[in-house]
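These are the residues of each chain, in order.
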Amino acid sequence: MERVSAGFKPYIMLAPVMAVLLGLFVGGIVTCLLQSLGYFPVIGLREITFKYYREVLTNPEFLRSLSFSLYISMVSSVIAVVLGVFVAHRISRYLQGQTLVKLLYKLPIVVPHTVAALMIFMLFSRSGIISRAIYQLGLISYQEQFPEMVFDSKGIGIIIAYIWKEIPFVAIMVYTILRNINESFRDVAYNLGASEGQFFYYVLLPISMPAIISSFIIIFAFSFGAFEVPYLLGPTYPRTLPVMAYTYYISPDLTRRPYTMVIAVFLTIISIGLILVYSRILKIFQIYSR
Amino acid sequence: MKLRIDFYTSLLFYSILGFLLIPFLILFLWAFSKNWPWPDLLPHSLSTRGWESIADIKFIKVLLHSIFLSITVTFLVLVISIPAAKALAFYNFRGRNVLQMLILAPIVIPPMAVTMGIHINFIKLGLTDTFWGVVLVHLIPTIPYAVRILAHVFEAVGWNIEEQARVLGAKNWQIFLYITLPLITPGLFSAGVLCFIISFSQYILTFMIGGGRVMTITMELFPYVASGDRTIASVYSLIFILTTLTFAFLVDRFTRENYEKGNHFYL
């Protein structure tokens, strides 16, 4: 659509939203940044220093949390994207039924992460339904034989909960693209002798790539920064970065505060980095598809 | 060979559907069970203990308070997002991309990281532990969705009809009330439902800024999930899902005529 210039008008229209975002959001980030640099007048700290950054970066507990968070986000997002694309493709190919699509669309948004965590706990914990079913099949004879999948140090429960939440999200993002792909593409490809697999790989996949990448970045960033699921389903060690930041923050020892804020700043920087990578990749794809 | 591949892909597809849907069944069973020891696949005995715990005036108060809070958030976020979305849809101006990035940033930047800073600022302003403090902080995760959905709506609607009204001599408020508002109503409702759900689901923002004083349904639910009381947690979860579904359904019903004209698929 053609956009016109109109002097100050658009700025005035954007002012209320910007006031909220600059006042709260950016204001929050700035406060965080100041405290992470050691500016904390309430307890008599006024000198700007990178000391806390150095200390946090050499702290093995922090590095363990960072890699744990990245690992959880990476594994859950890759699996969710692969399965989500599979589901989207399957629905657009075989099921034109709207009921299922609508159900899938509503599922991820009406169920909050707290409830998702509860469901995964009731399904996958040692006393959960799957462990019971396996006992009934005679595969195990007591509870402890069932592998620890919740509160475990590999974060399996957290990963499963994110996959549960994210498959529908990816599926919907990709489905909206696949739904609009002209059916005659398929006829052309098949006429030229393409197999179904080739059609998927050379036609459908490239067209839906921007949607796949967007959904990957969004779910990666979300699972990287979210608190509820790892807090409810994670082990006491290692903790994800948000959980670690939270436990530091509620500690009554105020001298620990700058370290907390350093963690928060790292969370923010990594997320901003993700957006930059994302817009970069999207640009490459726009050039590519021109 | 082909048949076998078909069989395996179908198996995978229906396993995924099962994985997504079976948890709801379990939630339902737990909500009514009294005694359900391992390794039984069905509850021993049923009870209404969970349901009795919500037939309590205190719980109903929290539920209503929670709904009221989220409706306030939804209303405010829509009011400030309409002009912003219109500006992004119709105008070209310096810094447009930067502002757009800033509006979308809360989707990607972790709430945990930002909330600690906001909490400290709010302590100075006396906004912690207050209703309005929580409402304000809920604006952050909802703004990106509201602006994005409404910008799409404005782009789809265009401004020809508004121009016509202007040419015919309508005043600004008349244009807004009689032209713009009716045109964007369906989009306004879908944005509203999403914002309501986002606000309704918030835990960590509400907990940190509300300090446990501003009660919402998610705040009530969280400790039961954490402590593993499956019966009560399941009942609360069902109430939560029912509330959001009812809200979505009512709004859907209300705007059905508009929906039939165009299938909006926003997220």
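Residues numbered from 1 in each chain as written. Chains lettered and ligands numbered in written order. Predicted model: local features only at pLDDT ≥ 70, side-chain atom pairs only at ≥ 80, totals over all residues. Heavy atoms only, no water.

A. Quick look at the UniProt feature "transmembrane region" (unreviewed entry) in chain A. Residue and element names in this part refer to chain A. Following the UniProt record, the feature "transmembrane region" (unreviewed entry) maps to residues 12-37, 68-88, 109-135, 155-178, 199-227 and 259-281 here. What you have in residues 12-37 is 96% helix and 0% strand, and the ends, taken at the C-alpha atoms, are 34 Å apart. Helix makes up 100% of residues 68-88 and strand 0%. Its end C-alpha atoms lie 30 Å apart. (UniProt positions renumbered as here; feature names shortened; annotations may be inferred. Helix = DSSP H or I, 4+ residues; strand = E, 2+ residues; numbered from the N terminus.)

B. Inspection of the packing of helix α10 (residues 217-227) of chain B against helix α11 (residues 230-254) of chain B at higher detail. All names here are of chain B. Relative orientation of the contacting elements α10 and α11 amounts to 150°, with a least axis distance of 9 Å. When the interaxial angle is binned, α10 and α11 end up roughly antiparallel. You can see that α10 and α11 cross each other, and the crossing is left-handed. Together, I217, T218, E220, L221, Y224 and V225 of α10 and I232, A233, Y236, S237 and F240 of α11 make up the contact between the two elements. Its residues placed into classes, the contact of α10 with α11 shows eight nonpolar, two polar and one charged. (Axes fitted to C-alpha atoms, helices over the stretch in contact; angles between N-to-C directions. Parallel < 35°, antiparallel > 145°, perpendicular 65-115°, else oblique. Left-handed = near helix turned anticlockwise from the far one by under 90°. Contact = heavy atoms within 4.5 Å. Nonpolar A, V, L, I, M, F, W, Y, C, P; charged D, E, K, R; others polar.)

C. The arrangement of the UniProt feature "domain: ABC transmembrane type-1" (unreviewed entry) in chain B in detail. In the UniProt entry, the feature "domain: ABC transmembrane type-1" (unreviewed entry) is given for residues 63-251 of chain B. Helix makes up 85% of residues 63-251 of chain B and strand 0%. Its end C-alpha atoms lie 19 Å apart.

D. Looking closely at the packing of aromatic side chains. Applying the stated criterion across every chain yields a total of 36 aromatic pairs over all chains. Here the aromatic rings of B:W30 and B:W36 are separated by 4.8 Å at their centres, their planes lie at 40°, and the arrangement is tilted. For the residue pair B:W30 and B:W36, the accessibility class agrees, reading buried in each case. Here the aromatic residues A:F227, A:Y231, A:Y246, B:Y203, B:F207 and B:F222 are joined through ring pairs into a cluster of three or more. Looking at A:R256, its charged tip hangs above the ring of A:Y248, at a distance of 4.3 Å from the centre. (Phe/Tyr/Trp six-rings, centres within 6.5 Å; stacked < 30°, edge-to-face > 60°. Buried < 20%, exposed > 50% of the residue type's maximum accessible area, 1.4 Å probe, protein only. Lys NZ or Arg CZ within 6 Å of the ring centre and 35° of its normal.)

E. Spatial organisation of the nonpolar core. Counting residues in each nonpolar core, the largest one holds 118 residues, and the members touching the most others are A:V87, A:W164 and A:L233. Considering each element in turn, this core owes the most residues, 16 residues, to helix α7 (residues 156-179) of chain A. Those residues in contact with A:L233 that lie beyond four places of it in its chain are A:A117, A:I120, A:F121, A:V150, A:F151, A:G157, A:I158 and A:A161. Core analysis: the next-biggest nonpolar cluster, separate from the first, contains 54 residues, B:A89, B:F90, B:F122 and B:A151 among them. (Core = buried A, V, L, I, M, F, W, Y, C linked by side-chain atoms within 4.5 Å.)

F. Broad picture of α7(A). All names here are of chain A. Between the first and last C-alpha of α7 there are 33 Å, a value that for 24 residues agrees with the 34 Å anticipated at 1.5 Å per step. Along α7, the sharpest change in direction is near 35° and occurs at E166; proline P168 comes one to four residues later. The buried fraction of α7 amounts to 21 of the 24 residues, a majority that puts the element mostly inside the structure. (Expected span 1.5 Å × (residues − 1). Bend = angle between axes of the 7 residues up to and from the residue.)

G. Looking closely at the interface of chain A and chain B. Contact with chain A, which involves 96 residues of that partner, is made by 89 residues of chain B. When residues of chain A are sorted by the area they lose upon contact with chain B, A:R3, A:F25 and A:R132 head the list and together hold 9% of the total. For the interface between chain A and chain B, the tally reads one salt bridge. The shortest N-O distance in the salt bridge between A:R3 and B:E155 comes to 3.0 Å. Our count for the chain A to chain B interface comes out at 21 residue pairs in polar contact (both at pLDDT 80 or more). Per element, the largest residue contribution to the side of chain A that touches chain B is 20 residues, and it comes from helix α1 (residues 9-36) of chain A. Broken down by class, the residue content of the side of chain A that touches chain B amounts to 66 nonpolar, 19 polar and eleven charged. (Buried area = accessible area lost by both parts, 1.4 Å probe. Salt bridge = Lys/Arg side-chain N within 4 Å of Asp/Glu carboxyl O. Polar contact = N/O pair within 3.5 Å; in protein donor to acceptor, adjacent residues only side chain to side chain.)

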